[in-house]
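Inside the fold
So the chains spell out like this:
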Number of protein chains: 2
Amino acid sequence: MRAGPGAVALVLVGDELLAGHVTDTNGPWLGRRLAEAGLEVVSSAYAPDEPDAVVKAVERALDDAPAVVVTGGLGTTSDDVTRLALARVSNGLSVRALPNGRGIEQGVRLDLGQGTVYAVPGVPAEMAAMVEKHVLPALLARAGALPPRTTRSLLVVGPGERQIADLLSPLEVTGRLSYLPRAGEVEVRIRVEGADAFARADAAIRAARELLGDTVAAEGGSLAETVVGLLIKANATLATAESLTGGLLAGALVSVPGVSAVFRGGVVAYATDLKADLASVPASVLERDGPVATSTAVAMAEGVRRRCGATFGAATTGVAGPDAQDDHAPGTFHVAVAWEGGVRHLSRVPPAGVTSSRDTIRRMAVTWSLDLLRRAVGGLGPGPGESRPGPTR
Amino acid sequence: MRAGPGAVALVLVGDELLAGHVTDTNGPWLGRRLAEAGLEVVSSAYAPDEPDAVVKAVERALDDAPAVVVTGGLGTTSDDVTRLALARVSNGLSVRALPNGRGIEQGVRLDLGQGTVYAVPGVPAEMAAMVEKHVLPALLARAGALPPRTTRSLLVVGPGERQIADLLSPLEVTGRLSYLPRAGEVEVRIRVEGADAFARADAAIRAARELLGDTVAAEGGSLAETVVGLLIKANATLATAESLTGGLLAGALVSVPGVSAVFRGGVVAYATDLKADLASVPASVLERDGPVATSTAVAMAEGVRRRCGATFGAATTGVAGPDAQDDHAPGTFHVAVAWEGGVRHLSRVPPAGVTSSRDTIRRMAVTWSLDLLRRAVGGLGPGPGESRPGPTR
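Model, not experiment: these values are computed from the prediction. (Residues numbered from 1 in each chain as written. Chains lettered and ligands numbered in written order. Predicted model: local features only at pLDDT ≥ 70, side-chain atom pairs only at ≥ 80, totals over all residues. Heavy atoms only, no water.)

1. Considering the relation of the copies chain A and chain B
For clarity, the threshold we go by: Least squares is the method for superposing the copies, and the C-alpha atoms it fits come from residues with pLDDT of at least 70 in both. A contact between two residues is defined here by any heavy atoms of the two lying within 4.5 Å.
Structural alignment of chain A on chain B gives an RMSD of 0.1 Å, achieved by rotating through 180° and translating 0.1 Å along the axis. Read as a symmetry element, the transformation amounts to a two-fold axis. Both copies present the same face, since 99% of the interface residues in chain A are matched by interface residues at the equivalent positions in chain B.

2. Things to note about the sheet that holds strand β7 (residues 149-156) of chain A
Residue and element names in this part refer to chain A. Selection rule: Two strands make a pair as long as DSSP finds a minimum of two bridges between them. Numbering of helices and strands starts at the N terminus; helices are DSSP runs of H or I of at least 4 residues and strands are runs of E of at least 2. As a rule, the C-alpha atoms of each element are fitted with a line to give its axis, helices using only the stretch in contact, and angles between N-to-C directions run from 0 to 180 degrees.
With respect to topology, four strands assemble into an open sheet ordered β8-β9-β7-β10, the strand pairing being antiparallel. Among the strands making up the open sheet, the edge pair consists of β8 (176-182) and β10 (216-219). Across this sheet, the average inter-strand angle for adjacent strands is 25°, counted without regard to direction. Pairing of β8 with strand β9 (residues 185-193), which is carried by seven bridges, proceeds in the antiparallel orientation.

3. Some details on the sheet that holds strand β7 (residues 149-156) of chain B
All names here are of chain B. Strand order in this open sheet of four strands is β8-β9-β7-β10, and the pairing throughout is antiparallel. For this open sheet the edge positions go to β8 (176-182) and β10 (216-219), each flanked by a neighbour on one side alone. Between one strand and the next, the sheet's axes are offset by a mean angle of 25°, whatever the strand orientation. Sheet analysis places β7 next to β10, joined by three bridges and oriented antiparallel. The partner of Leu 154 across the bridge, within β10, is Glu 219. Relative to β7, helix α7 (residues 197-212) is tilted by about 15°, and along the sheet it contacts β7, β9 (185-193) and β10.

4. Things to note about the packing of aromatic side chains
All names here are of chain A. Quick reminder of the rule: The aromatic pairing rule takes the rings of Phe, Tyr and Trp, using the six-membered ring of Trp, and pairs them if the centres are within 6.5 Å, calling planes under 30 degrees apart stacked, those over 60 edge-to-face and the rest tilted. Residue exposure (1.4 Å probe, protein chains only): buried if accessible area is under 20% of the type maximum, exposed if over 50%, otherwise partly exposed.
For the coordinates displayed, the defined rule picks out seven aromatic pairs over all chains. The interplanar angle of 50° and the centroid separation of 6.1 Å between the aromatic rings of Phe 312 and Trp 339 together place this pair among those described as tilted. In this pair, Phe 312 sits in strand β13 (residues 312-318) while Trp 339 sits in strand β14 (residues 333-339), placing the two residues 27 residues apart along the sequence. Overall, the relative accessible area of 7% leaves Trp 339 in the buried class. Ring geometry for Phe 333 and Trp 368: centres 5.3 Å apart, planes at 75°, overall edge-to-face. Residue Phe 333 is located in strand β14, and its partner Trp 368 is located in helix α13 (residues 358-378); the two are separated by 35 residues in the primary sequence.

5. A look at the pattern of salt bridges
Residues and elements named next belong to chain A. The line we're drawing: The working definition used for a salt bridge is a side-chain nitrogen of Lys or Arg within 4 Å of a carboxyl oxygen of Asp or Glu.
In total, this model carries 58 salt bridges over all chains according to the counting rule given. Note that Arg 191 is salt-bridged to Glu 40, the shortest N-O span being 2.6 Å. Residue Arg 191 is located in strand β9, and its partner Glu 40 is located in strand β2 (residues 40-47); the two are separated by 151 residues in the primary sequence. When sorted by exposure, Arg 191 lands in the same class as Glu 40, which is buried. Between Asp 359 and Arg 363 there is a salt bridge, and its shortest N-O distance comes to 3.3 Å. Within this pair, Asp 359 and its partner Arg 363 are both found in helix α13, separated by four residues, close to a single helical turn.

6. Quick word on the interface of chain A and chain B
The following threshold applies: Polar contacts here mean pairs of N or O atoms no more than 3.5 Å apart (in protein, one a potential hydrogen donor and the other a potential acceptor; neighbouring residues in sequence count only if both atoms are side-chain atoms). Residue type decides the class: Asp, Glu, Lys and Arg count as charged, Ala, Val, Leu, Ile, Met, Phe, Trp, Tyr, Cys and Pro as nonpolar, and the leftover types, Gly among them, as polar.
Taken together, the contacts link 79 residues of chain A with 79 residues of chain B. Two residues, Asp 273 of chain A and Arg 264 of chain B, come together in a salt bridge whose shortest N-O distance is 2.6 Å. Applying the counting criterion to the chain A and chain B interface returns 34 residue pairs in polar contact (both at pLDDT 80 or more). Here the residues of the side of chain A that touches chain B sort into 32 nonpolar, 20 polar and 27 charged. Taken together, the three bridges between strand β12 (residues 263-268) of chain A and strand β12 (residues 263-268) of chain B define a ladder with antiparallel strand orientation. The partner of Val 268 of chain A across the bridge, within β12 of chain B, is Gly 266 of chain B.

7. Some remarks on the pairing of β9 of chain B
Residues and elements named next belong to chain B. Within β9, eight of the nine residues are buried, which leaves it mostly tucked inside the rest of the structure. Pairing between β7 and β9: eight bridges, direction antiparallel. The residue bridging Thr 150 from the neighbouring strand is Val 192, located in β9. Turn length for the β8-β9 hairpin, with the two strands adjacent in sequence and antiparallel, is two residues, and the turn residue Gly 184 shows positive phi of about 85°.

8. Some remarks on the confidence of the model for chain A
Residues and elements named next belong to chain A. For the record, the criterion: pLDDT expresses, on a scale from 0 to 100, how confident the predictor is about each individual residue.
On average, residues of chain A score 90 in pLDDT, and 95% of them reach the 70 mark or higher. Confidence drops under pLDDT 50 across residues 388-392; counting only partners more than four residues distant or on other chains, this segment forms 14 contacts. For this predicted complex, the interface score ipTM comes out at 0.80, alongside a pTM of 0.81.

9. Brief notes about the environment of Leu 211 of chain A
Residues and elements named next belong to chain A. Mapped onto the fold, Leu 211 is located in helix α7 (residues 197-212). Classification of Leu 211 by relative accessible area gives partly exposed; the value is 36%. Leu 211 sits 43 residues away from Leu 168 along the chain, and the two C-alpha atoms are 7.0 Å apart. Sequence-distant contacts of Leu 211, defined by excluding residues within four places in its chain, comprise Leu 167 and Leu 168.

10. A closer look at the packing of helix α3 (residues 51-64) of chain B against helix α4 (residues 82-90) of chain B
All names here are of chain B. For clarity, the threshold we go by: Our angle categories are set so that under 35 degrees counts as roughly parallel, over 145 as roughly antiparallel, 65 to 115 as roughly perpendicular, and the remainder as oblique. By convention, the crossing between two helices is left-handed when the near helix turns anticlockwise from the far helix through less than a right angle, and right-handed when the turn is clockwise.
Here α3 crosses α4 at 55°, and the two axes come no closer than 8 Å. In terms of orientation, α3 and α4 fall into the oblique class. Of the two possible hands of crossing, α3 and α4 adopt the one that is right-handed. In contact with Pro 51, Asp 52, Val 54, Val 55 and Val 58 of α3, α4 contributes Leu 84, Ala 85, Leu 86, Arg 88 and Val 89. Residue classes in the contact of α3 with α4 are distributed as eight nonpolar, no polar and two charged.

11. What about the packing of helix α6 (residues 161-168) of chain A against α7 of chain A?
Residues and elements named next belong to chain A. The geometry of α6 relative to α7 is characterised by a closest axis approach of 10 Å and an angle of 120° between their N-to-C directions. Classified by the interaxial angle, the pair formed by α6 and α7 is oblique. Relative to α7, the crossing made by α6 is right-handed. Counting all contacts with α6, which are made through Ile 164, Leu 167 and Leu 168, the residues of α7 involved are Ala 208, Leu 211 and Leu 212. Split into classes, the residues belonging to the contact of α6 with α7 amount to six nonpolar, no polar and no charged.

12. Some points on unusual backbone geometry
Among all residues except glycine, the phi angle is most often negative; among peptide bonds, the trans geometry is most common. Going from Gly 321 of chain A to Pro 322 of chain A, the amide bond is cis rather than trans, its omega being 10°. Tracing the sequence through the fold places Pro 322 of chain A in the loop between β13 and β14. One non-glycine residue, Asn 235 of chain B, adopts positive backbone phi at about 55°. The residue Asn 235 of chain B is located in the loop between α8 (223-234) and β11 (238-242) in this model.

13. Let's talk about the pairing of β12 of chain B
All names here are of chain B. Defined as follows: Seen with its strands pointing away from the viewer, a crossover is right-handed when the path leading from the first strand over the helix to the second is clockwise.
Burial within β12 is extensive, with six of its six residues counted as buried. By the bridge criterion, five bridges tie β11 to β12 in an arrangement that is parallel. Paired with Glu 242 across the strands is Val 268, a residue of β12. Where the polypeptide runs from β11 across helix α9 (residues 248-254) and back to β12, its parallel neighbour, the crossover connection is right-handed.

14. Thoughts on helix α13 (residues 358-378) of chain B
All names here are of chain B. We count it as follows: Here a helix's expected span is defined as the number of its residues, less one, multiplied by 1.5 Å.
The end-to-end C-alpha distance of α13, which contains 21 residues, comes to 30 Å, matching closely the 30 Å that a straight helix rising 1.5 Å per residue would cover. Within α13, 16 of the 21 residues are buried, leaving the element largely enclosed by the surrounding structure. Immediately beyond the C-terminal end of α13, within one or two residues, lies Gly 379, with a positive phi of roughly 70°.

Pasting the structure below:
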């Protein structure tokens, strides 16, 4: 365990977390926020809503790190057990209340010989507010001067995890590399510690960009943020026409602050006849090639661009499954980008024997269409999967 | 700890999980899948990519339950450490390989005196395939006959967590109740164990429905699933017009299998002028009331319904923030549902001093518009927030 002065252990309380009925966001938020502040989460455990189990988890956490943050299980409904468990851990020692600016439940601070425990409510907004105001300042004061440490990340679209790892192997002497494959993209993280950590991380990122070329789609942010940034820089606007992705491409774009300067809007042409009416796809194209075709994606992108008066149009069409459609296997999709005088498109035919969930196929199509936009707006050459590129913009 | 015969402990390996750079989906998936099979996850811990830390986490897990599932840290890239850690835990004892039908990394099975450890890759599709094929059958064989145990859930839209807990307090004698507030909705879970668990759970769900009335929006599923089911039953179709939610309402609907029978499509009218062009909002309404108004939401719902030839139209407009727009505070939004001869609408003005993230505001608007649809399509009376209801359909 890396139990240095900035080490923090988490305990996340709730039956629903163990049973998978809810996906925890407090743990990831704390992991990121504490790392930003120079601290480090060294262990994290879920505990059920039972005092005995919470006591055990808090004692283990105190063995891992001198500071422990507990979320959840504070309150007045019947499943709240953290306060009871901390009373047992404290053995009569001093328990202090932490005020809650947003909600009703107070937090708890417990100072013990082996460390300090901070308990905050599980409601994410209340958790975050209390951590910012009360917990983080106390953790930083306790940690004192921290050793320099930084983590940097790149988002790569095109090569697979193993191919990226081979390319980046020279950087392993600088820091710890990790690879997080997601639908259609891989996040590469480089963690550098010790003297000159920040300068060495800068150098490692420059080297990684050199090795990976224009498959690097974002640095420390999302692909949608890169696309919005490129559109702002190009003083250009965008409209979307979605069939397969049913609004998720537009949804990914509107999550970026500042998007309203460049995103006009779009259409969700889920039913085939709406591809003609809403996205202005010529009936002849639909009759000849059907809804799942490169020509249809191109016509949707061009149609929505004109209809919404945008510089660029982006479109998705395909088969999410589980059944095939008109002989197209689930996972088949086509994405296209159109602008005045040009188009680019990209198609996916699923490899034989590979099946993906509806959700994964949709997320992959969102990623591929955003990356095609990145290449088109940024004036880059064809990406690895762009089989028949149109003229480069 | 509830370390009965079906108890399983999880260890999830990966720096990225502790640092919050990726949100784990393997833990929730295992929690749900094992519970479905009658098993129970009694503890779950994240460990960094360090052999010492993985050894410690596996030893703790073996203290919690006789069966341990480890995900991640298996493979050939530089951050893979699980195999090394298990060799140390095994102390030379028998390690068996688990084949992987989907990817390259093999899994590991380790039989020890105090229990069995199964290690599977962290890539979700490979993890799930190996658990289904090799791990789950072995866990069930080991557990033998399991005591009856079931968990049921209801989704409630309208009352808050505390109000629901007060209403449902008579059910606390039957089982363990837990409450999971999300943007705009609360999931209530009832866990019942022991003799007649299934019959008692049925009775508890009936009693909860009685106590909560028509604020129960779904049972064991999502609100979008309820809405799609009601539309199918009514032989009706739907189109959406989104401003604030930018495609997320359509995205929630298309995630439901079978939606293509009822969802026509829609428009994302992000720029104000597109509300007139795409969603057929009269220019006079936009001039008089602006883009953030009940009248605009109603006109969008009616416009998109006609444009897409759908039975129902649903619309959202509002301010995600962080800045106010035309004197409307961030978090203000209006949702509307229109059909031949009627409309219903619902507005949110954020309480003074309460601020929410852009993402939370959007998710709340998606939930409220789906719930308004549920009430309109299902012919229910006005919900708690429906201040000026139109005629009930």
